[in-house]
Amino acid sequence: MKKNRNRYDSINPPGKMTLFISLVAFILSAAFETLRGAVSAGGTSPLSSALSITFFTMLCATASYLASAKIGSLKSRMAKRYEDLRRIEAKLMAADERFRMLIENAVESLAIFDLRSGAMIDCNSNACQGLGYSREEFMNLGLTNFQSFSEKISADFSSGAHASQDSKPSERFEARFRKKDGSWGDVSASSTILGLKGNACLMLSWREITSAKRLERDLQENNLLFETLIETIPLPLFYKNKECRYIGCNSAFERFSGASKNQIMGKTVFELGAPKEIAEKYHEKDTELLKSPGIQKYQWKVMSKSLGLRDVFFHKATFSDSAGSTAGIVGAIYDITEIRDLKEKAQDLEGTLAEQNLVLLKWISPGFMHSDKLSAQFREIIQTLSRLLNVERVGIWFYSDDFSKLCRIELYERKNGWSSSHEEVAVRDFPVYFSHLKNDVIIAADDVGSDYRTVELLNSYLLVHDIRSMMDLPINLDGRNIGVICCEHKGECRVWTAEQQNFGLSAAQIVSMMLEISKRREIQKQADAQLDIALEPLLDDIDLAIIVCDSRGVVIFSNKCSEKIFADGRELPLLGSKFPFGTAQVPDIKIDLDKKGIEQIRTKEIFWKNQICRLMCAIPKS
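Because the structure is a prediction, the values reported are computed rather than measured. (Residues numbered from 1 in each chain as written. Predicted model: local features only at pLDDT ≥ 70, side-chain atom pairs only at ≥ 80, totals over all residues. Heavy atoms only, no water.)

Undergrad: Would you explain the layout of surface pockets in this entry?
TA: If you roll a probe as big as a water molecule over the atoms, it shows you where there is empty space left. Roughly 1500 Å³ of internal volume is contained in the largest pocket. At the level of elements, helix H8 (210-232), strand S6 (237-241), strand S9 (308-320), strand S10 (326-335), helix H12 (343-363), helix H13 (366-369), strand S16 (467-477) and helix H17 (498-540) are the ones that each hand at least two residues to the lining of the largest pocket. With 11 residues, H8 is the largest single contributor of residues to the lining of the largest pocket. Grouping the constituent residues of the lining of the largest pocket by class yields 23 nonpolar, 14 polar and 7 charged. (1 Å grid on protein atoms, 1.4 Å probe; cavity = no way out; pocket = protein on both sides within 12 Å on 5 of 7 lines; lining within 4 Å. Points joined across faces, edges and corners; volume = space filled by probe spheres on them. Helix = DSSP H or I, 4+ residues; strand = E, 2+ residues; numbered from the N terminus. Nonpolar A, V, L, I, M, F, W, Y, C, P; charged D, E, K, R; others polar.)

Next comes the structure, spelled out in structure tokens:
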């Protein structure tokens, strides 16, 4: 471009060129007239020669001036065009730079291919780094290599889905991409055909969702566990949002209300056809609870399509969203219609049902469910069953390792308390009983002497302990019966009510879930221990002071370098002590970094050994 500009500038101005051409024309005219005078016989007059020379010179000067003006105009237009070209070039370079920055700084991974040659045209850092390649390696892959990463992309091309350059971006789809190391990652991807410099190109964009998929699976498992717990509870349960519309319920609530979940979801009590007086009372109490969050209990009525008007007891509470704001209401309904005419029994049943519900809510709480003190939890469940079911003896039994016998590990007697005696029952001696224990949901024998499922145990066990009625609640783990909770009533025979059976089953299923959680926790603990064994020696060898504190600021890990820097000659190690600087709990306490030879202390919140901790790394001065 610079050369062109100099070439345009070298063109002579019109005045100089006109003078030069006029001079040349004058000399040529004079020479012509001299030659013509010599050739002519009579010669020419000086005046005639002068006029001829002058005319010819003026003619040439005029032509020269016009030519110079034309050249000047042409030069001006060429200079303007050159400036336009320079501006266009600058805009193109800026646009290219913006496009490059857009590609490089995109949140998603991007790769662009030439559809004709299949060669990769460009990609951003996320694309190559996310799949474990260097940029040079990734740029050499080509479209055919890239198609093999995803069956979805291969299917799209084989079906001609991208045959047109005018195609719109494809709908996002989930696929699995193979990385350089051979591992697979879950991604959410899309593809677009676009025109680039006259060529049809394919742009692939994707983002990795492996962690999100893992969290989604964990969430599904947690939701499944929660739904199982909710369905296990025999009481009708429901959920409402802040607008007092139903957003969920269990099967017991469906049966109780006489409406399906689809008919209930999103409706208010007014829209479900409840009588005006009852519906207004519902709305009034819900509004009252939302204004004053907490727990609410009251007795009222419910109009059931299948059962008619019922007297019920509500136990409701508010729940919060992730921001801590009230998000809605969860409630349980106790039907007390059957005991409406039996006031004394109704009062006892109301209290018992309420307590059972509170007990179940406590047992399914994370603090109880995830505790590692199983023995104490089992004792609480056994003792609570004895009290709420009014049963003299409650024991918990587990099979031996070879499943050849059933062994009692805990026994609570209301009269004598906890018993230290252990009993065993051989499986081969009582085939009918153990067959039903394995296959039945519950064994509720009102009269053990006449019930075919328990009659085998009569002489060797039941009569020995004066047991007349028995309710056995199977304990299952991984789909297999591993034990039983035995509720043994002495004295006269009794009838096990549906409420008692449901409560007992809920207790047994909670025990099963606790065992499952304990099993998972033990597996996780073993995995964490193996990770710690491999990781901690590596951290010890790092020439940086690394400290990990729990939420209280107590040091739960420190490497050798941190002990050298921060111990200050103390006899006690840092491990287990309060670290007095750099934690969120005591941000105002500082350390003299200069004396320690430390430039700064960097902190980061991490998840370590099943808890949220703070990692602190001391950066030494360079």
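Once you've had a look at it, read on.
Undergrad: I'm lost on the pattern of salt bridges in this one. Help?
TA: Applying the stated criterion across every chain yields a total of 24 salt bridges. Across the pair Arg393 and Glu488 runs a salt bridge, and its minimum N-O distance is 2.8 Å. One end of the pair, Arg393, is in strand S11 (residues 393-399); the other, Glu488, is in strand S17 (residues 480-490), with 95 residues separating them in the sequence. Looking at Arg393, the relative accessible area reads 3%, which means it is buried. For Arg453, the salt bridge goes to Asp451, with nearest N and O atoms at 2.9 Å. Just as Arg453 is buried, Asp451 falls in that class too. A network of salt bridges, in which partner residues are shared, links Lys240, Asp286 and Lys316. (Salt bridge = Lys/Arg side-chain N within 4 Å of Asp/Glu carboxyl O. Buried < 20%, exposed > 50% of the residue type's maximum accessible area, 1.4 Å probe, protein only.)

Undergrad: Would you explain the sheet that holds strand S21 (residues 611-620) in this entry?
TA: Within a beta sheet, neighbouring strands are joined by backbone hydrogen bonds and run either parallel or antiparallel to one another. On the basis of which strands lie adjacent, the open sheet formed by 4 strands has the order S19-S18-S21-S20 and antiparallel pairing. Each edge of the open sheet carries a strand with a single partner, namely strand S19 (555-558) and strand S20 (598-608). Between one strand axis and the next, the sheet turns through 20° on average, direction left out of account. Pairing analysis gives 10 bridges linking S20 to S21, with the strands arranged antiparallel. The residue of S21 that forms the bridge with Glu605 is Arg614. (Pairing = 2+ DSSP bridges. Axes fitted to C-alpha atoms, helices over the stretch in contact; angles between N-to-C directions.)

Undergrad: Sorry, what's going on with the packing of aromatic side chains here?
TA: The way to describe two aromatic rings as a pair is by their centre distance and the angle between their planes. The tally for this structure, following the rule as stated, stands at 17 aromatic pairs. Centre to centre, the rings of Phe226 and Tyr239 are 6.3 Å apart; their planes meet at 45°, and the pair counts as tilted. Highlighted residues: Phe226 in helix H8 and Tyr239 in strand S6, separated in sequence by 13 residues. Aromatic pair Tyr433 and Phe434: ring centres 5.2 Å apart, planes at 80°, arrangement edge-to-face. Overall, Tyr433 belongs to the buried group, its relative accessible area being 4%. Given the relative accessible area of 6%, Phe434 is considered buried. In textbook terms, an aromatic cluster arises when at least three aromatic residues are bridged by ring pairs, as seen for Phe238, Tyr246, Phe253, Tyr282, Tyr298 and Phe314. Taking NZ or CZ as reference, Lys281 lies 5.5 Å from the ring centre of Trp300, over its face. Over the ring of Trp418 we find Arg379; its NZ or CZ atom is 4.3 Å from the centre of that ring. (Phe/Tyr/Trp six-rings, centres within 6.5 Å; stacked < 30°, edge-to-face > 60°. Lys NZ or Arg CZ within 6 Å of the ring centre and 35° of its normal.)

Undergrad: I tried to follow the environment of Trp206 on my own but got confused; where do I start?
TA: Positionally, Trp206 belongs in strand S5 (residues 199-208). Here Trp206 falls in the buried class, since its relative accessible area comes to 4%. Taking the C-alpha atoms as reference points, Trp206 and Ala175, 31 residues apart in sequence, are found 9.5 Å from one another.

Undergrad: I keep staring at the sheet that holds S6 and nothing clicks. Help me out?
TA: Spatially, 5 strands are ordered S7-S6-S10-S9-S8 in an open sheet, and the strand pairing comes out antiparallel. Strands at the two margins of the open sheet, each flanked by one partner only, are strand S7 (246-249) and strand S8 (295-304). Shown here is a sheet whose adjacent strand axes are inclined to one another by a mean of 30°, direction ignored. The pairing of S8 with S9 spans 10 bridges and is antiparallel. Paired with Trp300 across the bridge in S9 is Val312.

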